[in-house]
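One-letter residues, chain by chain:
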Amino acid sequence: MFLDMVPWYSGTSADLFKTAFDLLVSVTLFLGRFDMRTMQAAMAKAQACGKKDDFLYNHLSQREELWFDFMADTGDGGNPTYTVARLLAKPLLNVDMDGKRKFLPRGDLLLIGGDLAYPNPSPYSYENRLFRPFEYALQPPDFYNPAHIAVKKPELPKGVKSLDTYEGPQCFAIPGNHDWLDGLEIFVRYICHKSWLGGWLLPQKKSYFALQLPQGWWVFGLDQALHADIDILQFRYFSELVRKQVKKKDSVIIMTHEPSWLLDWYWDISTGPNVSNLIQDVLKGRCRIRVAGDLHHYFHHSVVNKSSKNGSIEHLLVNGCAGAFLHPTHVFAKFNQFLGSSYEKKAVYPSFEDSQRIALGNILKFRKKNWRFDVIGGIVYFVLAFSSFPQCDLENILQDTNSTGRFQGFFHALWMAISNMMEYSYISLGGTLVLLVIAYFFVPSKISRKRRLFLGLVHVIAHLAAAMILMLLLEIGVEICIRHGLLGTAGYHTLYEWYRSVENEHFPDPTGLKARIQFWSLGLYPACIKYLMSAFDVPEVIAVTRINICKNGMTALPRAYALVYYVGVFFYYWVLSTPVVSLVFGCYLYICINWFNLHFDEAFSSLRISNYKSFTRFHVNKAGNLEVYTIAVDKVPREWVLDPQWEEEQLSKTNIPSYEREYPSTWAPQWPFPDPNYNARVVDHFVIDRL
């Protein structure tokens, strides 16, 4: 029904190769050379801060109160995306809050904090990983046409004159780094020029916006592109907006895709100077909370001893759990400083202990989750061991009668194989050096070059040792079979000779038909059958060729026979090595993430975890305070059935929009899986008082 989580370690996925290519093109072409944000500002002709511009929306400001939701990093696996969308669509959500049941109304506004679909922006990923789950969660109007291009927005239902009077839920989104991989083309087409995301109206026209909410609250949705910062024209727009319309006692919610406070601390860098300038020098303490995604977990930090002099933000909130794979939390446990202010952790999801425990899956489940990684892993191991085939001197291992002597002989043979590879090999040595370079650059740059080289070298040595051990085990197995007369006794065509004996016994040829067929086919019969059967008798071919190489040397072997030998060896060696390469790589990721806090992206994208999903629901109440609830679901359903209550409503209530129905979502979890609509829980709750 839904697409599976993106296989980030797939060696056969065309989408991932396209993602890498798009990233290269985007960084080369769009980073500092062509910026869609500049074009948007020019096309909109937004002079300073006009009331009718395409960036400002104030139709919600006249309400007494407002419920709205924030989510980010959706559009990965269909199951978690639909689970979150289904929770968002529920008219009245029944959640567990500190052991008591609490009912939270559906948000009138949905804010999406970037990365709308993975792994790259394309019509296929947007339609199948984003729009389809949301359309199942809350159906669009009957007149909705998926191919329709919205030229003049907002396109409201009949009878609705303006956004001020529209009562259904609305959606605004900012792009993330994955949405920018194509220069924002798909985001503009599907968000800025479509009118509906499921049952959520899309009034948005540009990639960044300002929303004026009730009781003096604002939302600034910033587009950071691939710079992790806003451009000059965007900065100027929001600065003018603050100067002309945001009052001194108003409060602003800054929404960005990247949580620069965590990422800057982790990488020990400083990014987003324009965003920091906007918050500190322009808003001057009016930015009460900053929300972001990009990291697929939940974190809430609160400022310690807030001082309005330095314009510090009271609350920092990361929630990128709307559908993408899970990120670790324990890596960021020591964060406590941002923009000159001290912060303390108020809530985290999942817990640090759970995060460390989940990382163990790299050892236990890496191959199960990333079985297509075998394509690359098996080839790499064969390249490392290629020059060591065959091993003709195994006497020290097989002749010794005690276990200690055999182990000593085995490790001596292993050492000699590695030494000979380093001294005489071209292919395997070249592969090892290339792997070392890749391993060095694979280590995150947050540590010193010496430590990167050390980790990369240890990583390569582990793979090289594993590859050589597997090579020796395969060679020992073949040698034992040869010594016991199981292989290498009848030449290359034993299977064909057996076939001829059976054929002559059961299908005699007194008329000489076979000889005439051989003559008229120019010898193709029985040569084709002969060589095809030798291809199926791979173990015998390997054994016979190995005996010839050990007896006469590699130079005496014809190239065709050498090719057949290495192809046969590759097949068996690939099958033998694929579980081991995944185990070694998984152990490397586990050690790095839990011991050194490295590879937080690589070590958890490998696990493709669809559980631990959440979103944040806000409430601007009549007193002007902002109530914040973060709602989480620990387990995501994987099997769905048609919801009979939804089906009954479809038949009985045919003339009302989906957002007015009690059961707006098409699919329900298949029994016995618990329904997330009734086992969701509040993992964080706090209130921000009005200024």
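Residues numbered from 1 in each chain as written. Predicted model: local features only at pLDDT ≥ 70, side-chain atom pairs only at ≥ 80, totals over all residues. Heavy atoms only, no water.

What about the state of the cysteines?
Phase 1: Summed over the entire model, instances satisfying the criterion amount to 1 disulfide.
Phase 2: The disulfide bridge from C392 ends at C550, spanning 2.0 Å between sulfur atoms. Taking the sign of the S-S torsion, about -85° here, the bridge from C392 to C550 comes out left-handed. One end of the pair, C392, is in the loop between helix 12 (374-385) and helix 13 (395-398); the other, C550, is in helix 20 (residues 538-552), and 158 residues separate them in sequence.
Phase 3: C550 sits in the partly exposed class, given a relative accessible area of 35%.
Phase 4: For C587, which is in no disulfide, the shortest distance to another cysteine sulfur is to C592 and amounts to 11 Å.
Phase 5: Take C587: its relative accessible area is 24%, and that puts it in the partly exposed class.
Phase 6: We classify C592 as buried; its relative accessible area is 1%. (Disulfide = S-S within 2.5 Å. Helix = DSSP H or I, 4+ residues; strand = E, 2+ residues; numbered from the N terminus. Buried < 20%, exposed > 50% of the residue type's maximum accessible area, 1.4 Å probe, protein only.)

Side note on the UniProt feature "domain: Calcineurin-like phosphoesterase" (unreviewed entry) in the protein
Phase 1: UniProt's entry tags residues 102-264 with the feature "domain: Calcineurin-like phosphoesterase" (unreviewed entry), counted in the numbering of this structure.
Phase 2: Taken as a whole, residues 102-264 contains 25% helix and 18% strand, while its terminal C-alpha atoms sit 37 Å from one another. (UniProt positions renumbered as here; feature names shortened; annotations may be inferred.)

Some remarks on the UniProt feature "transmembrane region" (unreviewed entry) in the protein
Phase 1: With numbering aligned to this structure, UniProt lists the feature "transmembrane region" (unreviewed entry) at residues 424-442, 454-474 and 580-598.
Phase 2: What you have in residues 454-474 is 100% helix and 0% strand, and the ends, taken at the C-alpha atoms, are 30 Å apart.

Some points on the packing of aromatic side chains
The relation between two aromatic rings is expressed through the spacing of the ring centres and the mutual angle of the planes.
Phase 1: According to the stated counting rule, one finds 53 aromatic pairs in the structure shown.
Phase 2: When the ring of W265 is compared with that of F332, the centres are 6.5 Å apart and the planes differ by 50°; the resulting orientation is tilted. Of this pair, W265 sits in helix 7 (residues 260-267) while F332 sits in the loop between strand 14 (315-319) and strand 15 (337-338), and the two are 67 residues apart along the sequence.
Phase 3: The exposure class of F332 is buried, given its relative accessible area of 0%.
Phase 4: An angle of 25° between the planes, with centres 6.4 Å apart, marks the rings of F335 and Y343 as stacked.
Phase 5: These aromatic residues form a ring-pair network of at least three members: W265, Y266, W267, F332, F335, Y343 and F600.
Phase 6: Directly above the ring of Y266 sits K446, whose terminal nitrogen or CZ lies 3.8 Å from the centroid. (Phe/Tyr/Trp six-rings, centres within 6.5 Å; stacked < 30°, edge-to-face > 60°. Lys NZ or Arg CZ within 6 Å of the ring centre and 35° of its normal.)

Concerning the environment of L184
Phase 1: Examined against the element boundaries, L184 turns out to sit in the loop between strand 6 (170-173) and helix 5 (185-192).
Phase 2: C-alpha separation for the pair L184 and P657, spaced 473 residues apart in sequence, amounts to 31 Å.

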